[in-house]
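In case you want the letters, here they are:
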Number of protein chains: 2
Amino acid sequence: MQTTMQKRGLSQRQALSGAQVNPAAAKISAKGRARLAARAQAVAAPTLSKELVDKCVNTIRFVAIDAVNKSKSGHPGMPMGCAPMGYVLWNETMKYNPKNPEWINRDRFVLSAGHGSMFQYAMLHLAGYDSVSMDDIKSFRQWGSQTPGHPENFITKGVEVTTGPLGTGICNAVGIAVAEAHLAARFNKPDAPPLIDHYTYCILGDGCMMEGVSNEACSLAGHWGLGKLIALYDDNKISIDGHTEISFTEDVAKRYEALGWHVIHVQDGNNDYDAIRKAIADAKAVKDKPTLIKVSTLIGYGSPNKADTHDVHGAPLGAEETAATRKNLKWEFGEFEVPQDVYDVFRSAIARGASEEEQWKKGCEVYAQKYPKEWAEFQGLTSGKLPEGWEKALPSFKPEDKALATRQHSQSMLNALAPALPGLIGGSADLAPSNLTLMKMFGDFQKGQYAERNLRFGVREHGMGAICNGIALYGAGLIPYCATFFIFTDYMRAAMRVAALSEAGVIYVMTHDSIGLGEDGPTHQPVEHLASYRAMPDIMTFRPAGGPETAGAYKVAVEHRKVPSLIALSRQNMPNLPGTDMEKVAKGGYVVSCGCPQGNPDVILIGTGSELELAAGAAEELTKEGMKVRVVSMPCMELFEKQSAEYKESVLPRKITARVSVEAGTSFGWDRYIGWGGKHVGIDSFGASAPAPILYEKFGITKAAVVKAAKEVSKQH
Amino acid sequence: MQTTMQKRGLSQRQALSGAQVNPAAAKISAKGRARLAARAQAVAAPTLSKELVDKCVNTIRFVAIDAVNKSKSGHPGMPMGCAPMGYVLWNETMKYNPKNPEWINRDRFVLSAGHGSMFQYAMLHLAGYDSVSMDDIKSFRQWGSQTPGHPENFITKGVEVTTGPLGTGICNAVGIAVAEAHLAARFNKPDAPPLIDHYTYCILGDGCMMEGVSNEACSLAGHWGLGKLIALYDDNKISIDGHTEISFTEDVAKRYEALGWHVIHVQDGNNDYDAIRKAIADAKAVKDKPTLIKVSTLIGYGSPNKADTHDVHGAPLGAEETAATRKNLKWEFGEFEVPQDVYDVFRSAIARGASEEEQWKKGCEVYAQKYPKEWAEFQGLTSGKLPEGWEKALPSFKPEDKALATRQHSQSMLNALAPALPGLIGGSADLAPSNLTLMKMFGDFQKGQYAERNLRFGVREHGMGAICNGIALYGAGLIPYCATFFIFTDYMRAAMRVAALSEAGVIYVMTHDSIGLGEDGPTHQPVEHLASYRAMPDIMTFRPAGGPETAGAYKVAVEHRKVPSLIALSRQNMPNLPGTDMEKVAKGGYVVSCGCPQGNPDVILIGTGSELELAAGAAEELTKEGMKVRVVSMPCMELFEKQSAEYKESVLPRKITARVSVEAGTSFGWDRYIGWGGKHVGIDSFGASAPAPILYEKFGITKAAVVKAAKEVSKQH
């Protein structure tokens, strides 16, 4: 407790010192903004007639309708209902440069209702992004296209994050707003133009609102007071099962007020552009709360027979209804036809965006002259490169060093890395004293102290995971880590999968990695979790043994900025075994010891994490009895699989079929390494509530069990 | 849409017919209740002095303190803060029979804040349950004890559900309240004593409130208007990281109002017993909404130095602070000492409960005479036995029957089983038209029509899973099923794991089970999910091929009332292959065809689900080329593993090492069956957005790929 309180005290002091928080920033940077605005005016979209705006809005609708019809698959209803929001956001509100989608100070947009992906592709195309041509739109949802079924940041430039699993996009947006607030507080100065100063917009639907994960992240957004987060809720009252009245009758606006949000209602989101404009202006005026704009719309607006029904949610309109919709909306243009005056309107964004970025760059020059050190740090951070020599910060270990839990080593790593890696930011889902994840030199990221780097997620694992995806994909070199008990990855698995898919290099610090957790019992003891993540593509599952391998796991995890890493860490102590090696972790598996330098071993014992000690102990005993024993450590199966056939053969020679794996987890997946002739010493059932040493004994995960298994598998051969 | 609407229309008609809903029930059953109350009065707890109530409350506190001290592990703070609620619930409020914890009409209690398990054990012990003796309390958190670290229904009689993972207990309570409402609506009659008529109580804490899953289930509870659900929120403002102000500053009461709950605040939960009493009475008076009683307490109340700090949350008080607490609360009794007058108070529940059950039984006799058919159905349902011959309802198939998706077969099964299994109840997380899970002869379970059996969960997978656990563990023979896309089991995995652990025989209908989902893309395409559930203990993962195996999967799933089943079903069509067999699904794996009745095959092809067709097609082609090919179907690895060594050898003879597995999923875990000599035709990466046939082609999951792999593995041997 005291440590925690101390840290909170520290952070408050740091905040008060003014180094991170700049209440005066608005005053000065307003000048810069005024200059910027003046310049931008020159290329701003002209004030348009209602007729032309309608034309722009209907273009969005028909591009989506036509694309979904052509692909015979997709969701036209959302783009048809949200087209007015799209127009106001892209043409009148957002700051972005279509020709440089990676401009760091752009406004961010997240489509949490990811099934409406054609909305986003239509906007990107109309606004002049090179990533989405009309041909791309015509190949919507086809193999190899830039326009997959749900928005995928790793496919389409201009898409910030991968949405699709409902409820998570808004959480990503919270993460993006966290990153913005953090960098702004850290780098912006009262007497220089701001380096980071933008909004985060998000459109979410009824499905997102029903998912609990959105409540988690939005509770945090309210707590943190993320005033530059503006979420537009497409309140169309339709989900796949029909009208939301069959399962969703809560008062969403009131709930968001309860979560600490500023809430606005646009009654007619289908036609009342001014109401949308005003809502966004009002949202910007409230600086200490995120804003939810509930925009009541008709799904499939314009379709005379399908609007306001679930028929238009997830299926093409079809030729007949498309014709009826064209007639109804008086749309006289052909399939996939964009009127030139509409292009002219939207593509004014190209000049406008270029000018805005140019202004920002000039501001940066001013900043760089005044604050060369901070500018260098900002450039370093946002370069996407790790600081040179960062890895030297990792502590090294000797076998005679004290036995510790790997969660303790992890704490050492985080605290050693924090000064060396300016992008490191993270925290735990209310288990900081157990996960040991606090960076002791920093305070808590809180309202009024956004420059701090310890995040307090509360008991919200899934929200935490999705927020970290947003931070990672913000693209400014931030390295988010997050933590809970390994078992509770079950709550956040969906977010971890999206991290793997969307190249978000989040580091998952997962402690209490086995029945070694002890008395809390089987609801808290992971058994199948290692296997379940080893099975998942594009995520690395580490289970390090001792200090050297924990350092090695962090080294690989930090290096891989596009691949998430899960580091499974023990509650209980273990030695730093001779032969364990930080550098060799990158190989995934390696020989720790072999009583047979030249010849063939009689048996190979393969262990991970806390059980490598059992393998080493068994080897010692078997060696005394005259057996030739090789001990292999396998901290990361995924990396081992990536090694050359020669290397793998050198570690696990195929002709040696007498093999024993030992890991306090399920045998599932170990057959690849132990084969039909091997045995696994582990646990294929749920655990139990008792002190850890008793559990190891009762479940038969002991040195004696390894010795016995080794003798059995040797006899067979 | 029309189908959905029709069903909703139907359900409304059914509701109006009055068969399921009995607005008059209260009038008549009130008589019975009055009789009941009069009898119960005779054995009711006497009105106690404030002093004696304090003594009862402090007993709860010290039993918890002493047990946690002795085990050197556990959470004393919650029981110390919640002791007054415990007293009022167990001695003055709840209807239960300590000597028959399975009495069907008991009030249910769920400790959602499961880490406070000593609270529940203290109450069970004091109230006279045989399951928790003082010796059991003294072995809190020890191997083999009745008092594990978190409440486990399969260990301790009187514990209704397994809680521990935060946020889920309240969802289980929602499920229990659903079961109560359903059975009451279905069986109670206006002119007979009620068969089911009880409350569901739950204590939940700040952690539960932060978890999104609780928001999901509580949104549904509000929507459904579950008036007999009464949740007490232990508002102690402490979580593991410290005061909740660091991450949890939302207005919880307002949020619950927004969710449609009746909300009451007890300002002083530490001493104001009358306020707690009044709140519960007020909660009961509101019949159309669930009630949240926010009870403000001090965690660790009574501890002079640790109350209101996180130090008392999850660690023993220790000798010194225990002594200080004894002094502070003027507790003059010894360690583990329960004053006799306190036992006398609490154990009045034994006579009271026996009398209440006796009265209920007499009511049942009256009911049985008036409604013999309904009584027989009720008895059948609550007997825990399946109706004789139920399995005859399952449709059978011939190879020449039309190729269909297994999700379509699943729909046939559910609709065939619904009339044969009166306990079948379930639905989808807003994907009913895709999962095909509606029972067409029933309407929707909704406020005012609780007798219906289609549940509309909205887009709330995790809440759905946890609610179904409550329904399953209600103990009245209900068989809950629930559905979403297979990929979204990632959202509800934590609930599925608890189902497996806590012997809740939920059936998971998981459609769109592979890249065969097509255009929605990789966020919607399960790849590693089969492996991840095969790795989990005590859950059966089925991936049936065609109609016969889908029927077989349902047969096994329904038979296993204490083991959950996941049935992975295709979006796309597949044939009913010759050799596939409903009955053989129970073996987990079996020979579908063998071109080598006596001799040894040259190669074994193992397939599941939609890919069994590829194996069979490849076998045909290879046979033409003169090879002897065995085709094995493996619909359930877990069941295959349970077969005898002889049976397994008969299906997969060890000497035949040339093997190919084919499944549109990761290779992880297949090594057990294909060995080092085998190959897997599948997908070890994420999928992509494109039509399904293109994806199969591009990812190389084709008949040609199986043929090629078969030739390769055969050459090696």
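Residues numbered from 1 in each chain as written. Chains lettered and ligands numbered in written order. Predicted model: local features only at pLDDT ≥ 70, side-chain atom pairs only at ≥ 80, totals over all residues. Heavy atoms only, no water.

- You'll find chain A entered in an unreviewed UniProt entry as transketolase, with Chlamydomonas eustigma given as the organism.
- Of the comments in the UniProt record for chain A, the one headed Catalytic activity (unreviewed entry) reads "D-sedoheptulose 7-phosphate + D-glyceraldehyde 3-phosphate = aldehydo-D-ribose 5-phosphate + D-xylulose 5-phosphate". (UniProt positions renumbered as here; feature names shortened; annotations may be inferred.)

**Things to note about the pairing of strand β14 (residues 565-569) of chain A**
Residues and elements named next belong to chain A.
Turning to step 1, where the next piece is worked out: Judged by how many residues are buried, β14 sits mostly within the fold: five of five residues are covered.
Turning to step 2, where the next piece is worked out: Residues Ser565, Ile567 and Leu569 point to one face of β14 and Leu566 and Ala568 to the other, with burial holding for every one of them.
Turning to step 3, where the next piece is worked out: Summarising the sheet, strand β12 (residues 507-511) and β14 pair through five bridges and their orientation is parallel. The partner of Tyr508 across the bridge, within β14, is Leu566. (Buried < 20%, exposed > 50% of the residue type's maximum accessible area, 1.4 Å probe, protein only. Helix = DSSP H or I, 4+ residues; strand = E, 2+ residues; numbered from the N terminus. Pairing = 2+ DSSP bridges.)

**Remarks on the relation of the copies chain B and chain A**
Turning to step 1, where the next piece is worked out: Between chain B and chain A, which share one sequence, the superposing operator has a rotation angle of 180° and an axial displacement of 0.0 Å; the RMSD is 0.0 Å. Here the symmetry operator amounts to a two-fold rotation axis. Nearest to the rotation axis, the C-alpha of Gly212 of chain B is located 1.9 Å from it, this being the minimum over chain B.
Turning to step 2, where the next piece is worked out: Taken as a fraction of all interface residues of chain B, those also at the interface in chain A reach 100%, which identifies the copy contact as same-surface. (Least-squares fit on C-alpha atoms with pLDDT ≥ 70 in both. Contact = heavy atoms within 4.5 Å.)

**A short note on unusual backbone geometry**
Residue and element names in this part refer to chain B.
Turning to step 1, where the next piece is worked out: Here Phe336, not a glycine, exhibits a phi torsion of approximately 60°, which is positive.
Turning to step 2, where the next piece is worked out: Even without being glycine, Asp538 reaches a positive phi, approximately 60°.
Turning to step 3, where the next piece is worked out: Counting through the fold element by element, Asp538 comes out in the loop between α19 (529-534) and β13 (540-542).

**Structural notes on the pattern of salt bridges**
Turning to step 1, where the next piece is worked out: This model, assessed by the stated rule, comprises 74 salt bridges over all chains.
Turning to step 2, where the next piece is worked out: A salt bridge links Arg534 of chain A to Glu663 of chain A; the shortest N-O distance between them is 2.7 Å. You can see Arg534 of chain A sitting in helix α20 (residues 529-534) and its partner Glu663 of chain A sitting in the loop between β19 (659-662) and α25 (671-674), a full 129 residues away along the chain.
Turning to step 3, where the next piece is worked out: For Glu663 of chain A, a relative accessible area of 1% puts it in the buried group.
Turning to step 4, where the next piece is worked out: Arg255 of chain B is the salt-bridge partner of Glu250 of chain B, the closest N and O atoms lying 2.6 Å from each other.
Turning to step 5, where the next piece is worked out: Since its relative accessible area comes to 0%, Arg255 of chain B is described here as buried.
Turning to step 6, where the next piece is worked out: Here the residues in one salt-bridge network are Glu641, Lys648 and Arg672 of chain A together with Asp671 of chain B, joined through shared partners. (Salt bridge = Lys/Arg side-chain N within 4 Å of Asp/Glu carboxyl O.)

**Things to note about the environment of Gly505 of chain A**
All names here are of chain A.
Turning to step 1, where the next piece is worked out: Among the secondary structure elements, Gly505 is positioned in the loop between α19 (489-501) and β12.
Turning to step 2, where the next piece is worked out: Gly505 gets classed as buried once you look at its relative accessible area, which sits at 1%.
Turning to step 3, where the next piece is worked out: Put simply, Gly505 and Val558 are 53 residues apart on the chain and 8.0 Å apart in space, counted from C-alpha to C-alpha.
Turning to step 4, where the next piece is worked out: Setting aside anything within four residues of it in sequence, one finds Gly505 in contact with Ala472, Pro480, His560, Arg561, Lys562, Val563 and Pro564.

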